[in-house]
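# Examination of the molecular architecture
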Amino acid sequence: QKEVEQNSGPLSVPEGAIASLNCTYSDRGSQSFFWYRQYSGKSPELIMFIYSNGDKEDGRFTAQLNKASQYVSLLIRDSQPSDSATYLCAVNQAGTALIFGKGTTLSVSS
Amino acid sequence: DAGVIQSPRHEVTEMGQEVTLRCKPISGHDYLFWYRQTMMRGLELLIYFNNNVPIDDSGMPEDRFSAKMPNASFSTLKIQPSEPRDSAVYFCASTLTGGSPLHFGNGTRLTVT
């Protein structure tokens, strides 16, 4: 069974710090990797996606992928209270559905 | 673009009643997904369609659940009869191609008493 694992948290960081969110997956055939943010009572919204090994940066966000270790991470630099949310990791193979982790709750204190 | 549209936003029903959730995907998207989210189990895939054809329904909990996609712009998820354990937020999502990011609707919060 394909699984995506995340620490549930909460992960607490002070404003301005770097938040590091981690995710592991079981299916070695996974090809696409996504990070979604979900505020309480809202639907998931896409933050970043990554397809190749290495780092991908978008503003304050950096996604890191290591297929050999089956590991994906999301770094949030200069964390803001507005970043407080649940972060969902999702993976899939081409043409198949995304499998989601249960999410990590991030709390950024001002 | 209006995004993925789901209705109703909230549904409260009594055990044993039939519930129908509706979804309109983004125009031109070939894939449509139904997910269910609970605190305990997170976001679970129920079923997905490609070009209106059901591809994988292995996540549908039991025969009480059924989903249809009669055309490219409309899908329904039906629960009959409903049970309290069906209480959850049901999300519909669509995407242009397999492997692309999903676009989620606002969800339907279902409460079965």
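Not measured: the values here are computed from a predicted model.

About the cut-offs
Every chain is numbered on its own, with residues counted from 1 as its sequence reads. Think of it this way: whatever chain is written first is A, whatever ligand is written first is 1, and the rest follow in order. Given that the model is predicted, a residue must reach a pLDDT of at least 70 before its local features are reported, and side-chain atom pairs must reach 80 or more before they are shown or counted; all residues, however, enter totals for whole chains, interfaces and linings. Only heavy atoms go into the side-chain values, all of them from the structure, while hydrogens and water stay out. In these notes, a set of buried Ala, Val, Leu, Ile, Met, Phe, Trp, Tyr and Cys residues joined through side-chain atoms within 4.5 Å is what counts as a nonpolar core. Residue burial is assigned from relative accessible area. The probe radius is 1.4 Å, only protein chains are included, and a residue is buried under 20% of its type maximum, exposed over 50%, and partly exposed in between. Numbering of helices and strands runs from the N terminus; a helix is a DSSP stretch of H or I covering at least four residues, while a strand is a stretch of E covering at least two. For this analysis, residues touch if any pair of their heavy atoms sits within 4.5 Å. Counted as a polar contact is a pair of N or O atoms within 3.5 Å, where, for protein atoms, one must be capable of donating a hydrogen and the other of accepting one, and residues adjacent in sequence contribute only when both atoms are in side chains. By disulfide we mean two sulfur atoms from cysteines, separated by a distance within 2.5 Å. Centres within 6.5 Å make a pair out of two Phe, Tyr or Trp rings, where for Trp the six-membered ring is used; the pair is then stacked when the planes are under 30 degrees apart, edge-to-face when over 60, and tilted otherwise. Two limits define a charge over a ring: the Lys NZ or Arg CZ must be within 6 Å of the ring centre, and within 35 degrees of the ring normal. Put simply, buried area is how much 1.4 Å-probe accessible surface two parts lose in total, over both of them, once they are put together. By salt bridge we mean one thing: a side-chain nitrogen of Lys or Arg within 4 Å of a carboxyl oxygen of Asp or Glu. The classification used treats Ala, Val, Leu, Ile, Met, Phe, Trp, Tyr, Cys and Pro as nonpolar, Asp, Glu, Lys and Arg as charged, and all other residues, Gly among them, as polar.

Residues and elements named next belong to chain A. Membership of the largest hydrophobic core comes to 23 residues, with the highest contact counts inside it found for Trp35, Leu74, Ile76 and Tyr87. Broken down by secondary-structure element, the contributors of at least two residues to this core are strand 3 (19–25), strand 4 (32–38), strand 5 (45–50), strand 7 (61–66), strand 8 (71–76), strand 9 (85–92) and strand 11 (104–109). In contact with Tyr87, other than residues within four places in its own chain, are Gln6, Leu21, Trp35, Tyr36, Arg37, Ile47, Leu74, Ile76, Gly103, Thr104 and Leu106.

Residue and element names in this part refer to chain A. Considering the arrangement of structural elements, one finds Asn22 in strand 3. With a relative accessible area of 29%, Asn22 lands in the partly exposed category. Taking the C-alpha atoms as reference points, Asn22 and Ile99, separated by 77 residues in sequence, lie 15 Å from one another. If we ignore the near neighbours within four places in the chain, the residues touching Asn22 are Glu5, Gln6, Asn7, Trp35, Tyr71, Val72 and Ser73. Separated by 2.7 Å, the side chains of Asn22 and Tyr71 make a polar contact.

Turning our eyes to something else, we now look at the state of the cysteines. Applying the stated rule across the entire model yields two disulfides over all chains. Between the sulfur atoms of Cys23(A) and its disulfide partner Cys89(A) the distance amounts to 2.1 Å. A torsion of -70° about the S-S bond marks the disulfide between Cys23(A) and Cys89(A) as left-handed. Of this pair, Cys23(A) sits in strand 3 while Cys89(A) sits in strand 9; the two residues are 66 residues apart in sequence, bridging distant segments of the chain. Neither residue differs from the other here; Cys23(A) and Cys89(A) are each classed as buried. The partner cysteine of Cys23(B) in its disulfide is Cys92(B), sulfur to sulfur 1.9 Å. Its S-S torsion of about -65° marks the bond between Cys23(B) and Cys92(B) as left-handed, since a negative value means left-handed. Of this pair, Cys23(B) sits in strand 3 (residues 19–24) while Cys92(B) is found in strand 9 (residues 88–95), placing the two residues 69 residues apart along the sequence. The two residues Cys23(B) and Cys92(B) agree in class, both being buried.

Both the distance between ring centres and the angle between the ring planes are used here to describe each pair of aromatic rings. The full count for this structure, using the stated rule, is 15 aromatic pairs over all chains. Among the aromatic residues, those joined into a cluster by ring pairs are Phe34(A), Tyr36(A), Phe49(A), Tyr51(A), Phe100(A), Tyr31(B), Phe33(B), Tyr35(B), Tyr48(B), Phe91(B) and Phe104(B). Across from the ring centre of Phe49(A), 3.8 Å away, lies the NZ or CZ of Lys56(A), which sits over that ring.

A common way to report how large an interface is uses the accessible area buried once the components associate. Counting residues at the interface gives 19 residues for chain B, matched by 19 residues for chain A. Summing both sides of the interface, chain B and chain A together bury roughly 1,400 Å²; the carbon and sulfur share of this comes to 59%. In this assembly, chain B and chain A are joined by zero salt bridges. Elements with a minimum of two residues in the side of chain B that touches chain A: strand 4 (31–38) and strand 5 (42–50) of chain B. Here the residues of the side of chain B that touches chain A sort into 11 nonpolar, seven polar and one charged.

Take the pattern of salt bridges next. Taken as a whole and judged by the stated rule, the model has 11 salt bridges over all chains. Here Asp83(A) and Arg60(A) are joined by a salt bridge, their closest N and O atoms 2.9 Å apart. Pair noted here: Asp83(A) is in the loop between strand 8 and strand 9 and Arg60(A) is in the loop between strand 6 (54–58) and strand 7, with a separation of 23 residues, a long-range link. The buried category is assigned to Asp83(A), whose relative accessible area is 1%. Here Glu44(B) ties to Arg41(B) by a salt bridge, and the two come within 2.7 Å at their closest N and O atoms. By relative accessible area, Glu44(B) is classed as buried at 16%. Linked through salt bridges whose partners overlap, the residues forming this network are Glu62(B), Arg64(B), Glu83(B), Arg85(B) and Asp86(B).

When you line up the elements, Val91(A) lands in strand 9. Separated by 39 residues in sequence, Val91(A) and Ser52(A) place their C-alpha atoms 13 Å apart.

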